[in-house]
Amino acid sequence: MMVKPKKVMVVGSGGREHALALALLRSESVGEVLVNPGNAGIRSPADAAKKLRPVSGDALAVAKSERVDLVVVGPEVALCNGLVDELAGAGILAFGPTRRAARLEASKAFMKEFAARHGIPTGRFEVVRDAGDAERAIKTFESPPVVKADGLCAGKGVVVSASHEEAVLVARRMLSGEPFGDAGRTVVIEERLVGSEASVHGICDGERFFLLPTAQDHKRIGDGDSGPNTGGMGTYAPAPLITPSLAARIEREIFERALLGMASEDSPFRGVLFAGIMVTPEGEPNLLEFNVRFGDPETQVITLVVEGDFAETLASAARGELDPTAMHVSMDHAVCVVLAAHGYPASPRVGDAISGLTEAEAVDGATVFHAGTAEKSGRIVTAGGRVLGVAARGASLAEAHERAYRAADCIQFDGKQLRRDIAARALGSIRP
Ligand code: AMP
Ligand code: GLY
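Going along each chain's sequence as written, the residues are numbered from 1 onward. Each chain takes a letter, starting from A, and each ligand takes a number, starting from 1, following the order in which they are written. Predicted model: local features are reported for residues with pLDDT of at least 70 only, side-chain atom pairs are reported and counted for 80 or more only, and whole-chain, interface and lining totals are derived from all residues. Remark: hydrogens and water are excluded; side-chain values derive from all non-hydrogen atoms of the structure.

## A few points about the nonpolar core
Inference 1: Ranked by size, the top nonpolar core spans 48 residues in total, and within it Met 9, Val 71 and Phe 290 carry the most contacts.
Inference 2: Ranked by residue count, the leading element in this core is helix H9 (residues 244–264), at 7 residues.
Inference 3: Contacts: residue pairs with any heavy atoms within 4.5 Å of one another. Those residues in contact with Val 71 that lie beyond four places of it in its chain are Met 9, Val 11, Ala 63, Leu 87, Ile 92, Leu 93, Ala 94 and Phe 95.
Inference 4: To qualify as a nonpolar core, a set must consist of buried Ala, Val, Leu, Ile, Met, Phe, Trp, Tyr and Cys residues joined through side-chain atoms within 4.5 Å. Only protein chains enter the area calculation, which uses a 1.4 Å probe; residues under 20% of their type maximum are buried, those over 50% are exposed, and those in between are partly exposed. Within the second largest apolar cluster, 41 residues are counted, among which are Leu 24, Val 35, Leu 314 and Ala 318. Helix and strand definitions follow DSSP, with helices as H or I runs of at least four residues and strands as E runs of at least two, each counted in order from the N terminus.

## Remarks on the pattern of salt bridges
Inference 1: Salt bridge, as applied in this entry: a Lys or Arg side-chain nitrogen positioned within 4 Å of an Asp or Glu carboxyl oxygen. Here the structure, examined in full by the defined rule, presents 31 salt bridges.
Inference 2: Between Glu 135 and Arg 172 there is a salt bridge, and its shortest N-O distance comes to 3.2 Å. Placement of Glu 135 in helix H7 (residues 131–139) and of Arg 172 in helix H8 (residues 164–176) is noted, with a sequence separation of 37 residues between them.
Inference 3: Accessibility expressed as a relative area gives 41% for Arg 172, which makes it partly exposed.
Inference 4: Ionic pairing is found between Arg 173 and Glu 178, a salt bridge with its closest N-O pair at 3.3 Å.
Inference 5: Overall, Glu 178 belongs to the exposed group, its relative accessible area being 57%.

## A short note on the side chain of Thr 373
Inference 1: Inspection of the secondary structure puts Thr 373 in strand E22 (residues 373–376).
Inference 2: Residue classification places Thr 373 among the buried residues on the basis of a relative accessible area of 6%.
Inference 3: Two N or O atoms count as a polar contact when they lie within 3.5 Å, although within protein this holds only if one can serve as hydrogen donor and the other as acceptor, and sequence-adjacent residues are included solely when both atoms are side-chain atoms. Of the polar contacts made by the side chain of Thr 373, one reaches the backbone nitrogen of Ala 40; its length is 3.3 Å.
Inference 4: Among all residues touching Thr 373, those that are not within four sequence positions of it are Asn 39, Ala 40, Gly 41, Ile 354, Ile 380, Val 381, Ala 383, Val 387 and Leu 388.

Okay, here's the thing in structure tokens:
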């Protein structure tokens, strides 16, 4: 039996990392969680004997000097740049995929070709590298296709075009290198799928996996899915869209095939695999994307409805010997409402003073996750686009929803933006 982790470092600074840190602190063996670089909310909870503290500096150097037992890497950029390989090379246990395995997110062309090689259901696609091929490929799709830059573009590299002509223009621009540099010099032209989306996360050890509760995100800034795309304005878990029989198909057709496929291609996948899935009106699950990291703000709700030893689950996965019984999924529900800054997503304003955090935390079942916050002259101020994730757990989705909005309404800052319809569709489906 390996020794369970006592000191853990989370790499990242968002709401996802705050949620991961709090979930890790709940593990019995864990005495301290460092978050590198963290944010203004990363501080020890008032009533906890355990420590939560921000640290800064090169992740490998800090992991060594602080002698941490486990590193959990949040953002995709660090994973795709090979941070886990670096840490593992120095003998430090790290949860996350190697650079080679992270290609599932780093390259959309790799991901689509991988899915095709291993029979994972996904929309028809073509990979193109010049404008002529793009135009020819686009014409072969009956409906205007989706145009995707191959590489990482901080969520801005996907365009669902309204016409074939627009798709051609978008592909030409991406291929020119102007908007995304090399990340756009290869483009995936993909069949547009219709239906409802869900986020399914599995903790993987290279062979085995443990499916976390399913979640649904709300990507547009405005109510009723209006306005521009964002990193995600709110989530709820579990997602009733993913019925038990659909979950079983997703396990078999997506997760099992992905893990077998990656192992057979010399890049066993260890870490969290996050499948973005479109469920068509016929009830068919289709893979839209793989992410090789936890979703944000999916993590804020997922970690509220899992119980058990989170730290040991991640550590055992990182060692390649996942203990799927260390954790279980509760029967509860969770809702997270994102509070975004004035001007988000185009140009978020920073420096607005935030009030009401203590009142929000006092709401039954509520947790306030910090993302774009900073401390300035003793006050917490806005410091990024998505400022806070106000989440709550409840015995029913309706209870979690009521608590999350009650807490979100306690918090004020100038220009605060939030959606009023997080989980509304799911609530409608369970209310007559
Ligand atoms: P991705 O980063 O590939 O998940 O794309 C971001 C968003 O674009 C997804 O969450 C979907 O809302 C949308 N999208 C991506 N691919 C497709 C597709 N093939 N059909 C329809 N919508 C898509
Ligand atoms: N919320 C979507 C993502 O993390 O990619």
